[in-house]
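# Coordinate inspection notes
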Amino acid sequence: MIAQQNDEETPLLQRPEQPTAKTPLPWDQFWILLLLEMPDFLSSGTLAPFIPQLIRDIGVTHGDETQVGHYAGILQSSYYAAHTLTIFHWSQLSDHIGRRPVILTALSAIVISMFSFGLSKTFLGLVVSRIVCGAFDPSDSMVKSMLMDITDATNMPKAYSYIPIPLMIGTSIGPLIGGSLSRPADRFPDIFGRSELLKTYPYLLPCSISAFSVSIIWLVTYIHLKESVSTTGETTLWELIKKGFLGQSYLRPRQPSSNVIVDPGEGSPGEVQPKPLPLRALLTSKVLSVTASYTTMGLFQTGYNSVLPVFYATPIELGGLSLDPPRIGTLLAVSGVIHGIFQLLFYAHLHDRFGAKAIFITGVSSGIPIVILFPVANALARAYGIGMAVWLCVVVQLTLKTSLILCFPCMALFIRAAAPNRASLGTTNGIVMVVVAVARIIGPATAASVFSYSLQEGHDAWSIYYFFIAIAFLAVGAALLLPRDLSVWEDSQ
């Protein structure tokens, strides 16, 4: 296939027009990718409501309520620390051996880590469980790469309008499982009161239900999911390890076979396909711009998600709202449903009307009023108790989070447009995910620690809010580097 010339000397009017007809979605595989969006959100959502209480139960804080947020942040960051060290290698490996085996490995890791988490009685055991999950769970990156493989610029926004369906299920059912079924022997003595196992491991039941659900998804994936990339033929895993991923380019041409999905934009099955590029060739200005935007947005989002349940659980006199795990789980579940429905109904239309950049800038800008509502809600709770005014602040804050959620499908479009070629989509996505994972390490640990610091006597109670607002402004600044029209980047591929 001869690449069309496309540089600054090419007259603008001679460039081919963008296709107006939209490619139909490949539903035979797309429904499986929708299903694969659930495990991460289901597992993390299951843990979120009871983590503050679990940290109190294991005694690591020695009764110091101000340290709960600190240890919750460490627990969440341990996942992302392991994730950072492995995500790029998993992503690059998937360009050579395929997405399917990597996804199956990730699902297995989630199942094992959830059982391990439920059986842990020490803080170290909890951390090890999350590290195992982070090290072997590149599923989110793989699903994004696979979605890019089977879609094109015309139907990708439509595909992302369906993503809220599994996310809504995962973010709604997960918190309900964790909030309702934690400590079942105490909460439902007539049913579970005689179970010594659940008395000894009071958080095993919600973790087991989540793990069993992911096991079903693993089985469906193993039976029905087809590979979406053309692998490097006879290259073995051991050869890939010996050559290393950072400096080697593979000379074997990528030949599509009959058992993989071939994107219509990549040519006919008889043509030689482009090969994955080495790391240095991928570090373009476009990839770096997307990385900066995704990193700052991810830093804010993960820090906010880490502090939110801790803020709800913290006593009012210390700066929180004194909510119990069932209420926290219900709030997180309802907000997940609202966010999902909004994205399902409106994202594709908003993208067609305003474009990805406008949606992204609006989303990161919403972080500023979201942060301001934290101290407002606590001040109202101190003055009037948990009444209508406080619940109004909570509802407005969770509603504003909807625009922040819409940033994620926008980022997927930018990553796809920034990739130098289609054969390097997985690696390009991996580069971005590595840096974002670093932000997700820093975000929860730093935000939770600053929150705990701000609660201590003699310290500025607004420290955590200054921290979040500064990150929100950084995210807005980085977003200005993104192109208004994605075709500007896609035409140069």
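Residues numbered from 1 in each chain as written. Predicted model: local features only at pLDDT ≥ 70, side-chain atom pairs only at ≥ 80, totals over all residues. Heavy atoms only, no water.

The name given to the protein chain in an unreviewed UniProt entry is Major facilitator superfamily domain-containing protein, with Suillus fuscotomentosus as the source organism. UniProt lists a comment for the protein chain under the heading Subcellular location (unreviewed entry), and it reads "Membrane". (UniProt positions renumbered as here; feature names shortened; annotations may be inferred.)

In terms of helices and strands, the protein chain carries 24 helices and zero strands. Going through the 493 residues of the protein chain one by one, you find that 55% of them count as buried. Sequence separation of at least 24 residues holds for 81% of the intrachain contacts in the protein chain that already meet a minimum separation of 6. On the protein chain, roughly 21,100 Å² of surface is accessible, and the fraction owed to carbon and sulfur atoms is 65%. (Helix = DSSP H or I, 4+ residues; strand = E, 2+ residues; numbered from the N terminus. Buried < 20%, exposed > 50% of the residue type's maximum accessible area, 1.4 Å probe, protein only. Contact = heavy atoms within 4.5 Å. Areas by Shrake-Rupley, 256 points an atom, 1.4 Å probe, with all protein chains shown as cover.)

Once that is clear, we can look at the UniProt feature "transmembrane region" (unreviewed entry) in the protein chain. According to UniProt, the "transmembrane region" (unreviewed entry) feature falls on residues 102-120, 159-182, 203-225, 328-346, 358-377, 389-419, 431-451 and 463-482. For residues 159-182, the end-to-end C-alpha separation is 35 Å, with 92% helix and 0% strand making up the annotated structure. Regarding residues 358-377, the helix share stands at 95% and the strand share at 0%, and the terminal C-alpha atoms are separated by 29 Å.

This paragraph deals with unusual backbone geometry. With a phi angle near 55 degrees, His62 is a residue other than glycine that sits in the positive phi range. The phi angle at Ser322 is positive, at roughly 60 degrees, despite the residue not being glycine. On the basis of relative accessibility, which here comes to 41%, the residue Ser322 falls in the partly exposed class.

A grouping of Ile112, Leu124, Val128, Val132 and Phe136 is seen on the molecular surface, where their side chains present a nonpolar patch of about 450 Å² in accessible area. With three residues, helix H6 (residues 123-135) is the single largest residue contributor to the nonpolar patch. Topologically, Leu124 is positioned in helix H6. (Patch = residues over 30% accessible without salt bridge, like charges linked within 9 Å, V, L, I, M, F, W, Y side chains within 5 Å. Salt bridge = Lys/Arg side-chain N within 4 Å of Asp/Glu carboxyl O.)

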